[in-house]
Amino acid sequence: MASPMPASRFLQRLRDEGATVVEVGDWENHNRNHVGPWGPVHGVMIHHTVTKGSAHTVELCRNGYEGLPGPLCHGVITKDGRVHLVGYGRANHAGLGDDDVLRAVIAEKALPPDNEANTDGNRHFYGFECENLGDGQDPWPEPQLDAIERVSAAVCRHHGWTERSVIGHLEWQPGKVDPRGFTMAWMRERILERLK
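Here the structure is a predicted model, which is why all the values come from computation and not from measurement.

(A) Molecular detail of the packing of aromatic side chains. With the rule as written, the count across this model stands at 11 aromatic pairs. Aromatic pair F10 and Y88: ring centres 4.8 Å apart, planes at 35°, arrangement tilted. Linking F10 in helix α1 (residues 7-16) with Y88 in the loop between β6 (82-85) and β7 (96-97), this pair joins segments that are 78 residues apart in sequence. Like Y88, F10 is buried.

(B) View of the layout of surface pockets. Taken as a whole, the largest pocket encloses approximately 380 Å³ of empty space. Every residue lining the largest pocket is counted, 18 residues in all, and those nearest its centre are Y65, L68, E129, H169 and K176. At the level of secondary structure, the elements contributing two or more residues to the lining of the largest pocket comprise β2 (43-48) and α2 (54-63). Tallied by class, residues from the lining of the largest pocket come to seven nonpolar, eight polar and three charged.

(C) Structural context of α2. Buried within α2 we find T57, V58 and C61. The buried residues of α2 occupy an angular sector of 95° when projected down its axis, which confines them to one face. Seen from the open side of α2, the exposed residues pointing more than 90 degrees away from its buried face are A55 and E59. Those residues of α2 hidden inside the fold are in contact with β3 (64-65), β5 (75-77), β6 and β9 (125-130).

(D) How the structure looks around unusual backbone geometry. The peptide bond linking G39 to P40 adopts the cis configuration, its omega dihedral lying at -5°. Counting through the fold element by element, P40 comes out in the loop between β1 (20-23) and β2. For the bond running from D178 to P179, omega is 0°, close enough to zero to count as cis. As for its position among the elements, P179 is in the loop between β10 (166-168) and α5 (184-195). Look at V50: it is not a glycine, yet its phi comes out positive at around 60°. Structurally, V50 is set in the loop between β2 and α2. If you check the backbone angles, E108 has positive phi at about 55° while not being a glycine. Inspection of the secondary structure puts E108 in the loop between α3 (99-107) and β8 (119-120).

(E) Here's a closer look at the side chain of H74. For H74, the location among the structural elements is in the loop between β4 (68-69) and β5. You can call H74 buried: its relative accessible area is 0%. One polar contact links the side chain of H74 to the main-chain carbonyl oxygen of G89, over a distance of 2.6 Å.

Conventions we followed
Residues numbered from 1 in each chain as written. Predicted model: local features only at pLDDT ≥ 70, side-chain atom pairs only at ≥ 80, totals over all residues. Heavy atoms only, no water. Phe/Tyr/Trp six-rings, centres within 6.5 Å; stacked < 30°, edge-to-face > 60°. Helix = DSSP H or I, 4+ residues; strand = E, 2+ residues; numbered from the N terminus. Buried < 20%, exposed > 50% of the residue type's maximum accessible area, 1.4 Å probe, protein only. 1 Å grid on protein atoms, 1.4 Å probe; cavity = no way out; pocket = protein on both sides within 12 Å on 5 of 7 lines; lining within 4 Å. Points joined across faces, edges and corners; volume = space filled by probe spheres on them. Nonpolar A, V, L, I, M, F, W, Y, C, P; charged D, E, K, R; others polar. Arc of directions from axis to C-beta. Contact = heavy atoms within 4.5 Å. Polar contact = N/O pair within 3.5 Å; in protein donor to acceptor, adjacent residues only side chain to side chain.

Take a look at the structure:
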């Protein structure tokens, strides 16, 4: 079981891994901790936003929208590869997912199919939203893919996790498709190489 790292350590880990970080407002204290616990943490979850425009995407992920208050993640990775920190603590990003998937992430084993939504993922995952329309056509520029790899590796390195602790939203919650446009198996291979 891993406790979430302090916000200052999270920031330093991302920078140590070579990520270009933008701090947005009082991100360190912007969270949903009043509605439930954050931690123990077991992994990193990658999403796409179904949005266009970096400024709009960052604002949406920080503030949320009607019916889903922000923050909607910890970091927003824009097309240019910058990582905008918008919150730290419990965030509305993972929702309910499959307890069998969580057990596989903890054990760092192959993921089973996600066929249930019975476990609070907001408590257990660091979350990164990535600016993309999610239609399978919108490109993923290399600086953005590189940033996804770097932030994932940074968190894994801190906690002593392998690449198997990084999953996509589509691997956690039935009906989700994000991230669409690359496979998580391919991204995990990149993270594995970076962690060597």
